[in-house]
Amino acid sequence: MKFNFNVPPYTGKEAEYIGQAVKNQKICGDGEFTKKCSRWIEEKTGTKKCLLTTSCTHATELAALLLDIQPGDEVIMPSYTFVSTANAFVLRGAVPVFVDIRPDTMNMDEKLIEAAITEKTRAIVPVHYAGVSCEMDVIMDIAKRHNLYVVEDAAQGVMSSYKGKALGTFGEFGCFSFHETKNYSMGEGGALLIRDEAFVERAEIIREKGTDRSKYARGEVDKYTWRDFGSSYLPSDMNAAYLYAQLEVAEEINNARLAIWNCYDKALAPLADKGRIELPVVPEDCVHNAHMFYIKTADIEERAALISFLKENEIWAVSHYIPLHTAPAGREHGRFHGEDRYTTRESERLLRLPMYYKLRPEDAVYISGKVKEFYGMED
Ligand SMILES: *Cc1c(COP(=O)(O)O)cnc(C)c1O
């Protein structure tokens, strides 16, 4: 048997819906399927407004523009994240200030945020790693007391929640990704979730090349005009059609992923009990979406050996982020506040196992068996 690390989700309705979008002769942005996807996200998450975007990267850029992030402003975020979390703000001339992560969830340690705040700090950007929420009560309280904005990088957090509230709906803005590596996909795509009505009009304008074309499309103005700076962040309705086929059965995809995740967790528990590996931690207040299943090895050498062993068995397991503060652009544009106790060390131990919608629970048991074999443990 051969297992890729990821296989993009496919439900069977995608081609039909793309065909409908083509027949509608409305394949630019904000057509029927874009509206359906946005409405679905608004209803599912309870956010005030959802705007579909060309990527999560672009949703985060849009958030940075809406917050008027200026050169020299500081934005607090983890170093253990994807480059876009930082780049969206670096593009505005801001300085990412990285704080250490918690070793249990790999999320930014909420206890370290306050000490990193200076008079230049404008925003906090929590990243919900693996679809497991950051400690949002603490983060929102800090933001409120220091008058800071919160932009959630919820790229991996679609269908996850914290204390019953959807990820992406806590901060002023939440950013989703529908890249093909995520739980729900449109190839390339994302969404901006807007909590406050006050930001909606300007968000629509910036997303539509700085014009009020969204109002025009709704018949609220009789011609559209240049209103503000802006760019083009609308996905084609063909991409939205692909996504809608997946959102319609989101519950089914989510349950299938959770079943696989639980199989891994159970099958690998004996190894964890023996102290050979560590398993992911999902705090009590968090409902996750099984975006990822990772284990932690003793160190980077053991991880490399395990990757090779699994590869010999045609199982593609992969590491993840190289901490941004150690990368050339991270050193140039950002700084790490405090001590790097866990970011580098834990990132070197983390190994992601194959995880995708059509992986079967018995596949997870088989792959776990190979991991156990590597550690000399009989099934
Ligand atoms: C995937 C991902 C992104 C980028 O998403 P795109 O839609 O590819 O732009 C940003 N942040 C995190 C944490 C991600 O996992």
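None of these values were measured; they are calculated from a predicted model.

Criteria and cut-off values
- Residues numbered from 1 in each chain as written.
- Predicted model: local features only at pLDDT ≥ 70, side-chain atom pairs only at ≥ 80, totals over all residues.
- Heavy atoms only, no water.
- Pairing = 2+ DSSP bridges.
- Helix = DSSP H or I, 4+ residues; strand = E, 2+ residues; numbered from the N terminus.
- Contact = heavy atoms within 4.5 Å.
- Axes fitted to C-alpha atoms, helices over the stretch in contact; angles between N-to-C directions.
- Buried < 20%, exposed > 50% of the residue type's maximum accessible area, 1.4 Å probe, protein only.
- Parallel < 35°, antiparallel > 145°, perpendicular 65-115°, else oblique.
- Left-handed = near helix turned anticlockwise from the far one by under 90°.
- Core = buried A, V, L, I, M, F, W, Y, C linked by side-chain atoms within 4.5 Å.
- Disulfide = S-S within 2.5 Å.
- Expected span 1.5 Å × (residues − 1).
- Nonpolar A, V, L, I, M, F, W, Y, C, P; charged D, E, K, R; others polar.

Draft legend 1. Focus on the sheet that holds strand β4 (residues 121-124). Strand order across the open sheet formed by eight strands is β1-β9-β8-β5-β4-β2-β3-β12, with mixed pairing between neighbours. Of all strands in the sheet, those bounded by a partner on one side alone are β1 (49-53) and β12 (335-336). Relative to β12, strand β3 (residues 95-99) runs parallel, the two sharing two bridges. Of the residues in β12, the one forming a bridge with V97 is R335. Docked against the sheet, helix α4 (residues 83-90) engages β2 (74-78), β3 and β5 (149-153), running at close to 175 degrees with respect to β2.

Draft legend 2. Highlighting unusual backbone geometry. Of note, the phi angle at Q25 is positive, near 55 degrees, even though the residue is not glycine. Looking at where Q25 falls in the secondary structure, it is placed in the loop between α1 (14-23) and α2 (32-45). Given the relative accessible area of 74%, Q25 is considered exposed. Phi at N147 is positive, roughly 60 degrees, even though this residue is not glycine. Assignment of secondary structure puts N147 in the loop between α6 (136-146) and β5. Taking the relative accessible area as the measure of exposure, N147 reaches 71% and is therefore exposed.

Draft legend 3. Looking closely at the packing of helix α3 (residues 56-66) against helix α7 (residues 200-207). α7 packs onto α3 with a crossing angle of 125 degrees between their chain directions and a minimal axis gap of 10 Å. Of the possible angle classes, the one that applies to α3 and α7 is oblique. Helix-helix and strand crossings are classified by hand; for α3 and α7 the assignment is right-handed. Here L62, L65 and L66 of α3 come into contact with α7, specifically with R202, A203, I206 and R207.

Draft legend 4. Representation of the nonpolar core. Judged by nonpolar contacts, the single largest core of 46 residues is most densely connected at I41, L52, I124, F178 and Y184. The biggest single contributor to this core is helix α9 (residues 237-247), with six residues. If sequence neighbours within four positions are ignored, I124 has contacts with I76, M108, I113, I139, I142, A143, L148, Y149, V150 and V151. Grouped together as the second largest cluster of nonpolar side chains are 32 residues, L62, A86, A88 and Y233 included.

Draft legend 5. The arrangement of the sheet that holds strand β6 (residues 161-162) in detail. Sheet architecture is open: three strands sit in the order β7-β6-β10, paired in antiparallel fashion. At either end of the open sheet lies a strand with only one pairing partner, and these are β7 (165-166) and β10 (286-287). Bridge count between β6 and β10: two bridges; the pairing is antiparallel. Note on β10: the bridge partner recorded for S161 is V287.

Draft legend 6. Here's a closer look at the state of the cysteines. Scanning the model with the defined rule gives zero disulfides in all. Free cysteine C50: the closest other cysteine sulfur is in C37, separated by 8.5 Å. Classification of C50 as buried rests on a relative accessible area of 2%. The structure places no disulfide on C134, whose sulfur is separated from the nearest cysteine sulfur, that of C286, by 8.6 Å. Of the residues examined, C134 reaches a relative accessible area of 2% and is grouped as buried.

Draft legend 7. Inspection of helix α14 (residues 361-374) at higher detail. Here α14 is 14 residues long and its end C-alpha atoms lie 20 Å apart, about the 20 Å a rise of 1.5 Å per residue gives. Listed in full, the buried residues belonging to α14 are D363, A364, I367, S368, G369, K370, V371 and K372. Next to the buried residues of α14 lie α10 (250-273), β11 (293-296), α11 (300-312) and β13 (350-353). Note on α14: the residue one or two positions beyond its end, G376, has a positive phi of about 75 degrees.

Draft legend 8. Spatial organisation of the packing of α11 against α14. Taken N-terminus to C-terminus, the directions of α11 and α14 make an angle of 125 degrees; their axes are 10 Å apart at the nearest point. Classified by the angle their axes make, α11 and α14 are oblique. The way α11 lies across α14 gives a crossing that is right-handed. Across from E302, A305, L306, F309 and L310 in α11, the residues of α14 making contact are K370, V371, E373 and F374. Of the residues that constitute the contact of α11 with α14, the class distribution is six nonpolar, no polar and three charged.

Remember, this is a structural readout, not a statement about activity or role.
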